[in-house]
Amino acid sequence: MTALLENDIVLIVGIVVLAWIGFTWKALTFSGAIGTFLVGIFIAMGFQGYGLLLIGLFFVTSSYWSKYNRKKKENMEDMHEKGSRRDMVQVLANGGVPALIGMMAYFFPAEYWTYGFVVSIAVANSDTWASEIGTLSRKQPFSILRLEKVEPGTSGAISSLGTLAAIAGASLIAIASYFLWDGITTMAIFWIIIFGVVGCFIDTILGATVQSAYRCKECGKLVEKKIHCLQPTILVKGVSFVNNDVVNISSILLASILMMFLSFFVR
Ligand SMILES: [Zn+2]
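Parameters and conventions
Residues numbered from 1 in each chain as written. Predicted model: local features only at pLDDT ≥ 70, side-chain atom pairs only at ≥ 80, totals over all residues. Helix = DSSP H or I, 4+ residues; strand = E, 2+ residues; numbered from the N terminus. Rg over C-alpha atoms; globule rule 2.2 N^0.38 Å. Buried ≥ 20, exposed ≤ 12 C-beta atoms within 10 Å, placed from the backbone. Contact = placed C-beta atoms within 7 Å. Core = buried A, V, L, I, M, F, W, Y, C linked by C-beta atoms within 7 Å. Pairing = 2+ DSSP bridges. Expected span 1.5 Å × (residues − 1). Arc of directions from axis to C-beta. Axes fitted to C-alpha atoms, helices over the stretch in contact; angles between N-to-C directions. Parallel < 35°, antiparallel > 145°, perpendicular 65-115°, else oblique. Left-handed = near helix turned anticlockwise from the far one by under 90°. Nonpolar A, V, L, I, M, F, W, Y, C, P; charged D, E, K, R; others polar.

(A) Structural context of the overall build of the chain. The helix and strand inventory of the chain stands at nine helices and eight strands. Against the 2.2 N^0.38 benchmark of 18 Å for 267 residues, the chain shows a C-alpha radius of gyration of 18 Å, consistent with a compact globule. Burial statistics for the chain: of 267 residues in total, 45% are counted as buried. Considering only intrachain contacts with a sequence separation of at least 6, the fraction spanning at least 24 residues in the chain is 70%.

Below you can see the structure in the form of structure tokens.
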């Protein structure tokens, strides 16, 4: 098993197969599959098959939740800028930071990169589980900044189901990393869960503040799209270039840096 996880040819074939499965299962667009391949190569450079197994766990479980109970969410798809099939930009929004850390770990080997890498995946997993599962909540979600109940699917909204999903998503990655790396201690599991959820929380705060939201002039709905009902929409909140992908990458980066800094003190 160890030999397989450290064999370059096996890893490259594994990455191609993963990207291909994502494309044929309609979890990825063609550009999303190319993005997945690139992210996979950089992660394999720094963390061999162990890193790929961890991001693979995120990839498979998140795709599963995206597809899960698709019918229930179909009417909400309209609110989001893009559908459930992830393109290159969305893949990089979640996989860009892990890929960057993988490259850094390859060129400048040090143990703290592993902590940063694991937290980057923990945040991505926590956040994806929270949004995919949270939107299935039957209760009306709560905006953490406006302190009032809001329309399901609104950026910056949380629900108890979504919060539980965030903790579960970070925990799965933390526990898996314990079995993948000898350097990850039981104490580290605890900190990875904390920073995974903190990253998800940062994402929610940014989503509720700087992330852009638009209102459709035609139907009056609050949307993430610049065009709705064939009409240009009006910016009603946030900064125009800050979309969900920018918010994702910022929260992952911030939580990973915090964890790498903390790893000098906590072992
Ligand atoms: Zn409209």
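Resuming the write-up.
(B) Fine view of the nonpolar core. Counting 63 residues, the largest nonpolar core has Val118, Val119, Ile121, Ala122, Ile173 and Ile192 as its most contacted members. Excluding anything up to four places from it in sequence, Ile173 contacts Leu54, Leu57, Phe58, Val118, Ile121, Ala122, Asn125, Ile192 and Gly196.

(C) A look at the sheet that holds strand 8 (residues 234–237). Pairing in this open sheet of three strands is antiparallel, and the strands run 5-4-8 from one edge to the other. Single-partner strands in this sheet number two, and they are strand 5 (222–223) and strand 8. Strand direction decides the pairing type here: strand 4 (residues 213–215) and strand 8, joined by three bridges, are antiparallel. Paired with Arg215 across the strands is Ile234, a residue of strand 8.

(D) Looking closely at helix 2 (residues 8–24). For helix 2, which comprises 17 residues, the first-to-last C-alpha distance of 24 Å matches the rise-based estimate of 24 Å (1.5 Å per residue) to within 8%. Within helix 2, the full set of buried residues consists of Leu11, Ile15, Leu18, Ala19 and Gly22. Looking straight down helix 2, one finds its buried side chains confined to an arc of 90°; they lie on one side. Opposite its buried face, helix 2 presents the exposed residues Ile9, Val13, Val17 and Thr24, each directed more than 90 degrees away. Where helix 2 is buried, its residues meet helix 3 (30–67). Just past helix 2, the residue Lys26 takes up positive phi, approximately 65°.

(E) Looking closely at unusual backbone geometry. Here Lys26, not a glycine, exhibits a phi torsion of approximately 65°, which is positive. Judged by the 12 C-beta atoms lying within 10 Å of it, Lys26 falls in the exposed class. Phi angles above zero are rare outside glycine, and Gln48 is one such case at about 45°. Locating Gln48 in the fold gives a position in helix 3. Residue classification places Gln48 among the partly exposed positions, given that 19 C-beta atoms sit within 10 Å.

(F) Looking closely at the packing of helix 6 (residues 112–134) against helix 8 (residues 186–209). Put simply, helix 6 and helix 8 touch, their axes get as near as 8 Å, and they point 55° apart. Taken together, the axes of helix 6 and helix 8 lie oblique to each other. Relative to helix 8, helix 6 is oriented so that their crossing is right-handed. Listed contacts from helix 8 to Val118, Val119, Ala122, Val123, Ser126, Asp127 and Ala130 of helix 6 are Ile192, Phe195, Gly196, Val197, Gly199, Cys200 and Asp203. Across the contact of helix 6 with helix 8, the residue classes break down as nine nonpolar, three polar and two charged.

(G) Just the sheet that holds strand 1 (residues 142–143), in detail. Read from one edge of the open sheet, three strands run 2-1-3, paired in antiparallel fashion. Two strands bound the open sheet, and with one partner strand each, they are strand 2 (148–149) and strand 3 (157–158). In the sheet, strand 1 pairs with strand 2 via two bridges, with the strands oriented antiparallel. Considered in strand 2, the bridge of Phe142 is made with Lys149.

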